[in-house]
Amino acid sequence: MEHFKIKQRKPNKPDVERLKIALQHYHLDALQEIAETLAVKPEQLPARKGSLVRDLSRLIPRLARSQEYVESLSPAERAILAIAVETDSLITYQDLAKPLILGGMVFVKDQPETLGQSKLRDLLLRLLHRGLIVNLTNSRNPSTLRRLTHFNTLGVPPEVARALPTALLSIPDPDRDAIYPDGDIAQIDEGDVRQYVRELFFIWSELVKEPARQLKAGGMGKRDRRRLASALGLDNDAGLETISDYYRMLAALKIASGDGTTISAIESDAVTLFWSASLVHQLHDLIRAYTQLTDDLVTDDQAASYIRRYFRGFTLRPAAELRAQVVDRLTDIADLDWVSLPVFVALVTSGRPGTWALDDTTLDFVLENLQWYGAGYREEVEQSFDRLERYLTTTILKELHALGLVDLAYTETMPKDDPIGVRVTDILRAHFKNRHPTGAESPQAWQVILQPDSQMLAMGPVPLSMLANLDRFAEREKIDENVVTYRITRDGGYRAFQRGETVEAILSYLEEATGQPVPQNIARSLEAWQQQYERIIIRRQVIIMQVDHPKRMTQLLEDPELQGCLHRLDGVIAWLLPEDVPRVERRLVELDILPAHSHRPEDDLPNSLYWQDGKLMPRAAPPSLYVSGRLRSFAEPNKDHWQISPQTIQTAVALGADPLEIIATLETMVGQPLSADWKKRVKSWGQYYGEGQVAEVRLLRLQRPDALAELREADARLHRWLRPLPGTNNLAVVNADHWREVSELLTSWGVEVTTNRWWQ
């Protein structure tokens, strides 16, 4: 193991306080603890702070210069001094944690190879008590002097650093045996970022074709998640959660967004560039987006379940910050093979439970108050922090594995949801080293085959930009690991035409993908579909205008100012664009025509009709389209009025209407209750009460209440022919055609049947 050489201090690094100054910032109790450790006896009692500072500032450099004294330190303690001197500035837990944890020189919970080692905190306390390092952690209260119980920032005073024999100090190299997972690795779940990006693309493509409904809470509706999960071959509850995770990443990448009601895919040059970029460039955007996710890693109740026993009102650090710090810690193990989960958790927390998950205010409050309690209480609190942070770390690692950035290791005896080790994937390691991963960008064979039956097979790692072109006009039928199956259909062609594609563009996409001429039958089908396209046109967001007579419509259409705005639908109806409404209304007023406005059925239907000699007369001429449209479902027009007949009601009922709904609609439109006669007509014509059936039967009454049930249970024929009268236990209905057989059977069971009148 090579010894380091002390470097010259780099500019702009924070200076370490000189020993005497650092000791003066100590509380008297801390100075007394150091003096007791170094067997320094005060000249007078009670000890004075000034004399202790003077004596210790002289003694400590002499001890640091002693080779024998430094050799008496443990290897871990000498490693801490080596790191601090080599850094030549303030050091923190995190600065010390990485080399000592990976070097196997400190205790890591649940890591058997470190059972004989001390905790990092205990090592630092021993060096603090020896005075070789000093506590440079300032309290939030400027008047509070430093103690040895609460520390984070430390350093080696310059006079001590110069005195230390550097030949005895060395920074440890990683000990692969000490950090390897405990137990045999029976299963490896490898991450595949290429597959993740591919599935992310398919979700985006599905949202391009059909946007999803957005819930009030911001998530995606369950029906749409099922649709997207089915498109990826996921059909269970875990698949629905996976779709939610994909949407969160699409939103973080700014490739999909929601407007409060609808979740849509974003189509732009930047999005096209992302799908066309190399995997290395896509990885950079994925990591950036992931470290910006703000979704909670754990609910407040879950977090509280770990530490509620000790205190309440705590606040976790923001989820995005926790995710970013775990990604940063992956850089520490990028050059290693497997690292056990306990070791990685220790790297994340810097060997100091609570400092990673909790916000600074909460943690400072807890740690400063722990000095008033015993070591056992502190141990319990740290264990609760450790459980919480292990859960959070495992959750984040699973997310990173889903992204394809880490591999996870499992044993046969442990559940699948509890990995024992983590390893950085090759492509993420290359990303950290700012170089291309081996084989990641090397060209791999792929092929697109178009068959005469319009089926298309995209085999191998087909570029996503190529798949995006195919998704423009082809229907995706199946997604396998190495093959995506498409089919060219009329619906897919219509969808492409609606997006502005042409037959020439589609043929160009196919030739580029397959490298072959397009079969003639497929080309002819595309041309025929384009000719059929727009034979029926659906106009959206237009205004409908009605007039009272075809002559008036002809007059308006021939008006020089209106003929470019109005488009006839029939004799009395035309449509116009919303932006032309002010112009049309202004011209109508000039023609002494004051237009009325119709907004919605709820406004137009009430009091829109009145009865006259059994006819329904509209109050307005012309009646609103909402009024005439609703009437048309159960009445028929007749010149200037509407007529209800048995045929119109029967037709409405056959199409699914209910007579009571028709009555309620009429009462709303007329503005008063329907007469009893008309209610009877509508119910009669609509066969509201259904059919009635008559059968000739006889009523049998048995004296014993339980006799009927016993006879039906004893004889199968009596069970079939005796039908109990509902609500009774001794009355049965008998079909007249079977009365003779029933009488004989009852006689055989000793029942005397009479025909006397037994009811009043």
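Structure's up top.
Quick look at the structure, then. Positions within a chain are numbered from 1, following the residues in the order the chain's sequence is written. Totals for whole chains, interfaces and linings use all residues, but because this is a predicted model, local features are given only for residues with pLDDT of at least 70 and pairs of side-chain atoms are given and counted only at 80 or more. In computing side-chain properties, one takes all heavy atoms of the structure into account and sets aside hydrogens as well as water.

## Thoughts on the overall build of the chain
Part 1 of the argument: Along the backbone of the chain there are 34 helices and 23 strands.
Part 2 of the argument: Two things to know: the radius of gyration comes from C-alpha atoms, and the globule rule equals 2.2 Å times the number of residues to the power 0.38. Here the C-alpha atoms of the chain give a radius of gyration of 42 Å, more than 25% beyond the 27 Å that 2.2 N^0.38 yields for 760 residues.
Part 3 of the argument: On the principal axes, the C-alpha backbone points of the chain span a range of 120 × 95 × 60 Å.
Part 4 of the argument: Exposure is judged per residue with a 1.4 Å probe applied to protein chains only, and the accessible area is read against the type maximum: over 50% gives exposed, under 20% gives buried, and values in between give partly exposed. Buried positions account for 44% of the 760 residues belonging to the chain.
Part 5 of the argument: It only takes one pair of heavy atoms within 4.5 Å for two residues to be counted as in contact. Taking contacts inside the chain between residues at least 6 apart in sequence as the whole, the part at least 24 apart equals 65%.
Part 6 of the argument: All accessible areas in this document rest on Shrake-Rupley with a 1.4 Å probe, and a residue is counted as covered only by the protein chains that are shown. Here the chain displays about 41,800 Å² of accessible surface, and carbon together with sulfur accounts for 48% of that area. The numbering of helices and of strands both runs from the N terminus, where a helix is a DSSP run of H or I of at least 4 residues and a strand a run of E of at least 2.

## Some thoughts on helix 11 (residues 222–231)
Part 1 of the argument: All buried positions along helix 11 are accounted for by Asp-224, Arg-225, Leu-228 and Ala-229. Taken down its axis, helix 11 places every buried residue within 135° of arc, on the same side. Looking at helix 11, the residues exposed on the side facing more than 90 degrees away from the buried face are Arg-223 and Ser-230.
Part 2 of the argument: Summarising the contacts, the buried residues of helix 11 are in contact with helix 10 (193–209), strand 4 (212–213) and helix 12 (237–252).
Part 3 of the argument: Immediately beyond the C-terminal end of helix 11, within one or two residues, lies Gly-233, with a positive phi of roughly 80°. Working definition: the arc comes from the directions between the helix axis and the C-beta atoms, pointing outward to the latter.

## Quick notes on the packing of helix 10 against helix 21 (residues 464–471)
Part 1 of the argument: To get an axis, fit a line to the C-alpha atoms, keeping to the stretch in contact for a helix; angles then go from 0 to 180 degrees between the N-to-C directions. Contact pair helix 10 / helix 21: the axes reach a minimum separation of 11 Å and the direction vectors enclose 25°. What the angle tells us is that helix 10 and helix 21 run roughly parallel. Taken as a pair, helix 10 and helix 21 cross one another with a handedness that is right-handed. Here Val-197, Arg-198, Phe-201, Phe-202, Ser-205 and Lys-209 of helix 10 lie close against helix 21, whose contacting residues are Leu-464, Leu-467, Ala-468 and Asp-471.
Part 2 of the argument: For the contact of helix 10 with helix 21, the per-class residue count stands at 6 nonpolar, 1 polar and 3 charged. When an angle is under 35 degrees it counts as roughly parallel; over 145 it counts as roughly antiparallel; between 65 and 115 it counts as roughly perpendicular; any other value is oblique. By the definition used in this description, the sense in which the near helix is turned from the far one sets the handedness, with an anticlockwise turn below a right angle giving left-handed and a clockwise turn giving right-handed. Polarity classes work like this: nonpolar for Ala, Val, Leu, Ile, Met, Phe, Trp, Tyr, Cys and Pro, charged for Asp, Glu, Lys and Arg, and polar for all others, with Gly in that last group.

## Looking at the sheet that holds strand 15 (residues 567–568)
Part 1 of the argument: Following DSSP output, two strands are said to pair if at least two bridges run between them. Strand order in the open sheet formed by 3 strands is 14-16-15, with antiparallel pairing between adjacent strands. Each having just a single partner strand, strand 14 (543–546) and strand 15 make up the two edges of the open sheet.
Part 2 of the argument: With 2 bridges joining them, strand 15 and strand 16 (residues 573–576) adopt antiparallel strand pairing. Bridged to His-567 within strand 16 is Trp-575.

## Thoughts on a negative patch on the surface
Part 1 of the argument: Patch membership requires more than 30% relative accessible area and the absence of a salt bridge. Residues of like charge join within 9 Å; the nonpolar side chains Val, Leu, Ile, Met, Phe, Trp and Tyr join within 5 Å. By definition, a salt bridge exists where a carboxyl oxygen of Asp or Glu is found within 4 Å of a side-chain nitrogen of Lys or Arg. Charge assignment: positive for Lys and Arg, negative for Asp and Glu; neither His nor the chain ends contribute. Where a charge lies is defined by one atom per residue type, namely NZ (Lys), CZ (Arg), CG (Asp) and CD (Glu). Negative charge collects at one region of the surface, where Glu-113, Asp-175, Asp-177 and Asp-182 lie side by side.
Part 2 of the argument: Its place among the elements puts Asp-182 in the loop between helix 9 (176–179) and strand 3 (187–189).

## Remarks on the packing of helix 5 (residues 75–87) against helix 7 (residues 120–130)
Part 1 of the argument: Two elements in contact, helix 5 and helix 7, have axes whose closest approach is 10 Å; the angle formed by their N-to-C orientations is 75°. The orientation of helix 5 relative to helix 7 falls into the category roughly perpendicular. From helix 5, Ala-76, Glu-77, Ile-80 and Leu-81 reach across to helix 7, where they touch Leu-120, Leu-123, Leu-124, Arg-126 and Leu-127.
Part 2 of the argument: Classifying every residue of the contact of helix 5 with helix 7 by side-chain character gives 7 nonpolar, no polar and 2 charged.

## Describing the sheet that holds strand 10 (residues 447–450)
Part 1 of the argument: Taken in spatial order, the 4 strands line up as 10-11-13-12 in an open sheet, and their pairing is antiparallel. What marks the edges here is a single partner per strand, and that holds for strand 10 and strand 12 (474–479). Between one strand axis and the next, the sheet turns by 20° as a mean value, whatever way the strands run.
Part 2 of the argument: Taken together, the 5 bridges between strand 12 and strand 13 (residues 483–488) define a ladder with antiparallel strand orientation. If you follow Arg-476 over to strand 13, its bridge partner there is Tyr-486.
Part 3 of the argument: Lying on the sheet, helix 10 is in contact with strand 12 and strand 13; it crosses strand 12 at an angle near 145°.

## Quick look at the side chain of Thr-137
Part 1 of the argument: One can find Thr-137 in the loop between strand 1 (134–135) and strand 2 (154–155).
Part 2 of the argument: By relative accessible area, which is 14% here, Thr-137 ends up buried.
Part 3 of the argument: Think of a polar contact as two N or O atoms within 3.5 Å of one another; within protein, one of them needs to be a possible hydrogen donor and the other a possible acceptor, and neighboring residues in sequence only count if both atoms come from side chains. Among the polar contacts listed, one links the side chain of Thr-137 to the backbone nitrogen of Thr-153, at a separation of 2.8 Å.
Part 4 of the argument: With residues up to four places along the chain from it excluded, the contact list for Thr-137 reads Arg-146, His-150, Phe-151, Asn-152 and Thr-153.

## Digging into the packing of aromatic side chains
The description of an aromatic ring pair uses the distance of the two centres, along with the angle that the planes make with each other.
Part 1 of the argument: Side-chain rings of Phe, Tyr and Trp, where Trp is taken by its six-membered ring, are said to pair if the distance between their centres is within 6.5 Å; with planes under 30 degrees apart they count as stacked, over 60 as edge-to-face, and otherwise as tilted. Throughout the structure, instances matching the rule amount to 11 aromatic pairs.
Part 2 of the argument: Between Tyr-688 and Tyr-689 the ring centres are 4.9 Å apart and the planes differ by 80°, which places this aromatic pair in the edge-to-face class.
Part 3 of the argument: Residue Tyr-688 is classed as partly exposed on the basis of its relative accessible area, which comes to 33%.

## Some details on a positive patch on the surface
Part 1 of the argument: A cluster of basic residues, Lys-20, Arg-58, Arg-62 and Arg-65, forms a positive patch on the protein surface.
Part 2 of the argument: Residue contributions to the positive patch peak at 3 residues, all from helix 3 (residues 49–65).
Part 3 of the argument: Structurally, the position occupied by Arg-65 is in helix 3.

## Here's the deal with the pattern of salt bridges
Part 1 of the argument: In this structure the tally under the stated criterion is 36 salt bridges.
Part 2 of the argument: Asp-285 is the salt-bridge partner of Arg-288, the closest N and O atoms lying 4.0 Å from each other. With a gap of 3 residues between them, Arg-288 and Asp-285 both fall in helix 14 (residues 279–290), about one helical turn apart.
Part 3 of the argument: Its relative accessible area of 32% is what places Arg-288 among the partly exposed residues.
Part 4 of the argument: Its salt-bridge partner being Asp-337, residue Arg-423 comes within 3.5 Å of it at the nearest N-O pair. Note that Arg-423 is positioned in strand 9 (residues 421–424) and Asp-337 in the loop between helix 16 (319–330) and strand 7 (339–340), a separation of 86 residues in sequence.
Part 5 of the argument: Residue Asp-337 is classed as partly exposed on the basis of its relative accessible area of 37%.

## A few points about a nonpolar patch on the surface
Part 1 of the argument: Together, Ile-544, Leu-569 and Leu-625 line one region of the surface with nonpolar side chains, adding up to about 250 Å² of accessible area.
Part 2 of the argument: Inspection of the secondary structure puts Leu-569 in the loop between strand 15 and strand 16.

## Quick look at the side chain of Arg-146
Part 1 of the argument: By the element assignment, Arg-146 lies in the loop between strand 1 and strand 2.
Part 2 of the argument: Only 3.2 Å separates the side chain of Arg-146 from the backbone oxygen of Asn-135, close enough to count as a polar contact.
Part 3 of the argument: Side chain to side chain, Arg-146 and Asn-138 meet in a polar contact 2.7 Å long.
Part 4 of the argument: Those residues in contact with Arg-146, other than ones at most four positions away along the chain, are Glu-17, Ala-22, His-25, Tyr-26, His-27, Ala-30, Asn-135, Leu-136, Thr-137 and Asn-138.

## Structural notes on the environment of Gln-451
Part 1 of the argument: With respect to the helices and strands, the residue Gln-451 is situated in the loop between strand 10 and strand 11 (455–459).
Part 2 of the argument: Residue class for Gln-451 comes out partly exposed when judged on its relative accessible area of 26%.
Part 3 of the argument: The spatial distance from the C-alpha of Gln-451 to the C-alpha of Asp-491 is 18 Å, given a sequence separation of 40 residues.
Part 4 of the argument: Among residues more than four places away in sequence, those in contact with Gln-451 are Leu-457 and Ile-522.

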